[in-house]
Amino acid sequence: MMWERITNWVDERLETKSIASAFLDRHIPKGVGWLYTLGSASLFIFMMQAVTGIFLSMNYAPSPDHAYDSIQYINNSVTFGWFVRRLHQWGASGMVVIVAAHMLRVFFMGAYKYPRELTWVVGVLIFLIVMGFGFTGYLLPWDQKAYWATAVGTNVAGSLPYVGTFVLKVLRGGSDLGAVTLTRFYAIHMLIL
């Protein structure tokens, strides 16, 4: 009874029921299969990544001296820290796969055509953002695998014609991987993307 009065009060001011209805009460045509759920699946994984990322950031130290130790602390000392970290790690891989599968479905079924051209452009930008999340997040454990994978990835970016050297220095924060690179990747991962 009290809850109903509160929701009605909020709805009178924000029209939340009509907004929820616009998003959730849609007619689904016959023949729609699981391929049509990939967009919703990517949204769910994104929300899971945001929540687990917030919990991980509470115990992570983005400095070369402490990053690896903070990951070990999360894995071994934080209650369910190992689970949250693995969920975030597997969720990142799942996000890339689901978003790529969603884009392929949209492309092969022609759902990018009129009147959805701008939706396709936004989807491509979102895909690039997801790839940026994956690239910047991979370095954060600051172990040998992450270090050398980032060295290879930034070298690839550095091989771009004309702007490669500039891009390499911007990504690394200098000519070599180091403290500035880790801080920069953490800032890009958490603040920019």
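What counts and what doesn't
- Residues numbered from 1 in each chain as written.
- Predicted model: local features only at pLDDT ≥ 70, side-chain atom pairs only at ≥ 80, totals over all residues.
- Heavy atoms only, no water.
- Core = buried A, V, L, I, M, F, W, Y, C linked by side-chain atoms within 4.5 Å.
- Buried < 20%, exposed > 50% of the residue type's maximum accessible area, 1.4 Å probe, protein only.
- Helix = DSSP H or I, 4+ residues; strand = E, 2+ residues; numbered from the N terminus.
- Contact = heavy atoms within 4.5 Å.
- Phe/Tyr/Trp six-rings, centres within 6.5 Å; stacked < 30°, edge-to-face > 60°.

Description of the nonpolar core
Grouped together as the largest cluster of nonpolar side chains are eleven residues: Y60, A67, I71, L139, L140, W142, A157, L171, L182, F185 and Y186. Taken together, the elements giving at least two residues each to this core come down to α4 (67-76) and α9 (179-192). Residue contributions to this core peak at three residues, all from α9. The contact partners of L171, leaving out residues within four places of it in the chain, are T154, A157, T181, R184 and F185. Residues M48, M95, V99 and V130 belong to the second largest nonpolar core, which totals five residues.

Quick word on the packing of aromatic side chains
Summed over all chains, the structure comprises nine aromatic pairs. Look at F107 and W120: their rings are 6.3 Å apart centre to centre, the planes differ by 35°, and that puts the pair in the tilted class. Here W120 lies in helix α6 (residues 117-138) and F107 lies in helix α5 (residues 81-108), a separation of 13 residues in the sequence. For F107, a relative accessible area of 42% translates into the label partly exposed. For W120, a relative accessible area of 24% translates into the label partly exposed. Judged by centre distance (5.4 Å) and plane angle (55°), the ring pair of F135 and F185 falls under tilted. Residue F135 is located in helix α6, and its partner F185 is located in helix α9; the two are separated by 50 residues in the primary sequence. Note on F185: relative accessible area 0%, which makes it buried. By way of ring pairs, the aromatic residues F107, F108, Y112 and W120 are connected into one cluster.

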